[in-house]
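Working through the structure, step by step
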Amino acid sequence: MSATTVARPGLRKAKASGQGAARRSRRAGLLPTVVLLLGAAYCLLPVAWVLVASTKSSSDLFSTFTFLPGTGLARNISDLTAYRDGVYWKWMLNSLFYAGFGALLSTAVSAVSGYALAKYRFRGRESIFNILLTGVLMPPVILAIPTYLLMAKADLADSYLSVLLPSILSPYGIYLARIYASAAVPDDVIEAARMDGATEWGIFQRIALPVMVPGLVTVFLFQFVAVWNNFLLPFIMLGDDNKFPVTLGLYTLLQQGASAPALYTLVITGALLAIVPLIALFLVIQRFWSLDLLSGAVKS
């Protein structure tokens, strides 16, 4: 009997074993895929419902099949624009101001604070960082009433600053900035710049900040979304509806819808338009955002 004849059963057995392992691997990978698809459907189903419901008139909203599209989207947008002389767009501008300006200031504070905590050695540094971590874990509802009392004491309640100022300090943003600065800004480059006579502010501005920009984009994104979706703080701070963000404005419309059901279509249409800026922001900075999480995790 030749060696080839003896080897063939072994080759067939090894090939069959390899194919079986591949099938088992595919079956094992199927479960996580199914779970992820179910999670995606769970997250996207409300968005799909808002998209479909915003195309229906007030009479069709409760009388037709849930996911049957209508033809009234343009009319609903027109009615929403005409409601109280366009107060909805005032709410949208307020949200853009609170979220955009607040996220920008918060990113600047996070950049300076995170860099200082990452690159300077001073007494109490770890204690400060641990306090910041406590702030990350603390639910915002616990801080809402004390924040209101502070703003009322400073005579800032029911003002734009009462919503803007609390959003500037973000413990989570500082935490991310510190982690990114520790990984992305080389200590050797900082020491070389100091030996060349550069000031500390010059080192941060010319060396550290350009390297940290991708990570700060992530901080800006997270803070913008957090402020845009914030409801509790404006609800406590503001009484003048001309200063409301879109979240609080839509809530007031929803409350009025209990006595005027026609307003429900305006609430749904307004909710659809309110997510457009967030989608646009994600699309614009998606490339930077995806790179942040990878580059910040690798130390050069």
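Look up: the structure comes first, before these words.
These remarks concern the structure in this document. The residue count restarts for each chain, going from 1 along the sequence in the order it is written. The predicted nature of this model means local features are confined to residues of pLDDT at least 70 and side-chain atom pairs, given and counted, to a pLDDT of 80 or more, with totals for whole chains, interfaces and linings taken over all residues. In computing side-chain properties, one takes all heavy atoms of the structure into account and sets aside hydrogens as well as water.

This part covers the layout of surface pockets. Both site types are read off a 1 Å grid over the protein atoms alone. A 1.4 Å probe that fits but cannot get out defines a cavity, while an open set with protein on both sides within 12 Å along at least five of seven lines defines a pocket; lining residues have an atom within 4 Å of a point. Grid points are joined across faces, edges and corners, and a volume is the space filled by probe spheres set on the points. For the largest pocket, the calculated volume is near 840 Å³. For the largest pocket, the lining is made up of 23 residues, of which Pro140, Leu143, Pro166, Leu169 and Pro171 are closest to its centre. Only DSSP runs of H or I reaching four residues or more are called helices, and only runs of E reaching two or more are called strands; each is numbered from the N terminus. For the lining of the largest pocket, the elements supplying multiple residues, two or more each, are helix H5 (125-137), helix H6 (140-153), helix H8 (171-184), helix H10 (200-228) and helix H11 (232-237). If you tally residues by element for the lining of the largest pocket, the top one is H6, at five residues. Among the residues forming the lining of the largest pocket, the class breakdown is 17 nonpolar, six polar and no charged. Taken as a whole, the second largest pocket spans an internal volume of roughly 210 Å³. Polarity classes work like this: nonpolar for Ala, Val, Leu, Ile, Met, Phe, Trp, Tyr, Cys and Pro, charged for Asp, Glu, Lys and Arg, and polar for all others, with Gly in that last group.

Within the secondary structure layout, Thr247 lies in helix H12 (residues 246-256). For Thr247, the side chain forms a polar contact with the main-chain oxygen of Asn230, separated by 2.9 Å. Excluding residues that lie within four positions of it along the chain, Thr247 makes contacts with Trp228, Asn229, Asn230 and Phe231. Counting of polar contacts relies on pairs of N or O atoms within 3.5 Å, with two restrictions inside protein: one atom must be capable of donating a hydrogen and the other of accepting it, and residues adjacent in sequence are counted only when both atoms are side-chain atoms. Contacts are residue-level and defined by heavy atoms, with any inter-residue pair within 4.5 Å sufficient.

Here the focus is the packing of aromatic side chains. Under the pairing criterion, centres of Phe, Tyr and Trp rings, with the six-membered ring standing for Trp, must be within 6.5 Å; the plane angle then separates stacked pairs below 30 degrees from edge-to-face pairs above 60, leaving the rest tilted. All told, the structure shown has 18 aromatic pairs when counted by the stated rule. Between Phe97 and Tyr98 the ring centres are 5.8 Å apart and the planes differ by 55°, which places this aromatic pair in the tilted class. For the exposure calls, accessible area comes from a 1.4 Å probe over protein chains only, and a residue counts as buried if that area is under 20% of its type's maximum, exposed if over 50%, partly exposed in between. Assessed through its relative accessible area of 33%, Phe97 is described here as partly exposed. Tyr98 sits in the buried class, given a relative accessible area of 2%.

A few words on empty space enclosed by the protein. This structure, assessed with the given rule, holds one cavity of 30 Å³ or more. The calculated volume of the largest cavity comes to roughly 40 Å³. Around the largest cavity sit Ser95, Tyr98, Val163, Val227, Trp228, Asn230, Pro234 and Pro245, which together line it. Elements represented by at least two residues in the lining of the largest cavity include exactly helix H4 (87-119) and H10. Of the residues in the lining of the largest cavity, the class split is six nonpolar, two polar and no charged.

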